[in-house]
Amino acid sequence: SITQIHRCIAHPTSIVVNGDICTGSYSLATALAKAMNMKVFDVGQLIRRATRMLNYGDQWEGLVGDWAKGIWNKTVKRINTPGHVVEGRLVGIQAKDNASVLKILCVANEEVIFERHVNRRGPPVDNDVAKAVNDRRERDTRILELGWGKSRVDLLNPELYDIVVDTSLTETHD
């Protein structure tokens, strides 16, 4: 309800931020954490650390079962612990029924996503930025489907969020 959203925006116990690649979700999460004196919990970093530790590389099929449950449980714990800004792919679904958590989705148009991808990673070897972005989206999709049975479409559904922020006209330093 509108009353719950206003109360949540004014006094959230925690905040979750999600977005497609290069939409500024991590930048927004860190800025919010700093402004509100909260801690940042980066789900993507947790996943990357686990894949390196387990030495899976691109073999995402190994990232299921207990490993996926552990990531899910750690993320839910941070969402439900006051004072956290949690950034990552699963957070909208994980927080959807928690009225005290402010849920934010970052979006940007494709041109901006492509430009940010090149600025962050450099131009792809074949100079096909759209292919590089879509390859990353496909990899993320495989991880989400194998580990948690979720799709990118499920996770980026605006109806899961209290606020949708279009970051197309912002710079990282904004």
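Residues numbered from 1 in each chain as written. Predicted model: local features only at pLDDT ≥ 70, side-chain atom pairs only at ≥ 80, totals over all residues. Heavy atoms only, no water.

**Thoughts on helix H4 (residues 66–79)**
Okay, so step 1: Taking 1.5 Å per residue, 14 residues should reach 20 Å; H4 reaches 20 Å between its end C-alpha atoms and fits that length.
Okay, so step 2: All of the buried residues in H4 are Trp67, Ala68, Ile71, Thr75 and Ile79. The buried residues of H4 all sit within an arc of 110° when viewed along its axis, so they share a single face. What points out from H4, more than 90 degrees from its buried face, is the exposed set Asp66, Lys69, Asn73 and Lys77. (Helix = DSSP H or I, 4+ residues; strand = E, 2+ residues; numbered from the N terminus. Expected span 1.5 Å × (residues − 1). Buried < 20%, exposed > 50% of the residue type's maximum accessible area, 1.4 Å probe, protein only. Arc of directions from axis to C-beta.)

**Section: the environment of Thr23**
Okay, so step 1: Structurally, the position occupied by Thr23 is in the loop between strand S1 (14–19) and helix H2 (25–36).
Okay, so step 2: Residues Thr23 and Leu105 lie 82 residues apart in sequence; the distance between their C-alpha atoms is 9.3 Å.
Okay, so step 3: Among the polar contacts listed, one links the side chain of Thr23 to the backbone oxygen of Asp20, at a separation of 2.7 Å. (Polar contact = N/O pair within 3.5 Å; in protein donor to acceptor, adjacent residues only side chain to side chain.)

**Description of the confidence of the model for the chain**
Okay, so step 1: Taken over all residues, the pLDDT of the chain has a mean of 81, while the share at 70 or more is 84%.
Okay, so step 2: Every residue in residues 1–7 is under pLDDT 50, and counting partners more than four places away or in other chains gives 3 contacts. (pLDDT = per-residue confidence, 0-100. Contact = heavy atoms within 4.5 Å.)

**Structural notes on the sheet that holds strand S4 (residues 101–107)**
Okay, so step 1: Reading across from one edge, S2-S3-S1-S4-S5 is the order of the 5 strands in this open sheet, with parallel pairing throughout. A strand with exactly one partner marks an edge of an open sheet, and here the two such strands are strand S2 (39–42) and strand S5 (163–166). When the angles between neighbouring strand axes are averaged without regard to direction, this sheet yields 20°.
Okay, so step 2: Here S2 runs beside strand S3 (residues 84–87); their pairing, made up of 4 bridges, is parallel. (Pairing = 2+ DSSP bridges. Axes fitted to C-alpha atoms, helices over the stretch in contact; angles between N-to-C directions.)

**As for the pattern of salt bridges**
Okay, so step 1: Using the criterion set out here, one finds 4 salt bridges in the structure.
Okay, so step 2: Its salt-bridge partner being Arg137, residue Asp20 comes within 2.8 Å of it at the nearest N-O pair. Linking Asp20 in the loop between S1 and H2 with Arg137 in helix H7 (residues 129–148), this pair joins segments that are 117 residues apart in sequence.
Okay, so step 3: Notably, a salt bridge pairs Asp135 with Lys131, separated by 2.9 Å at the nearest N-O pair. Taken together, the residues Asp135 and Lys131, both in helix H7 and 4 residues apart, mark about one turn of the helix.
Okay, so step 4: It is possible to trace a salt-bridge network through shared partners that takes in Asp20, Glu110 and Arg137. (Salt bridge = Lys/Arg side-chain N within 4 Å of Asp/Glu carboxyl O.)

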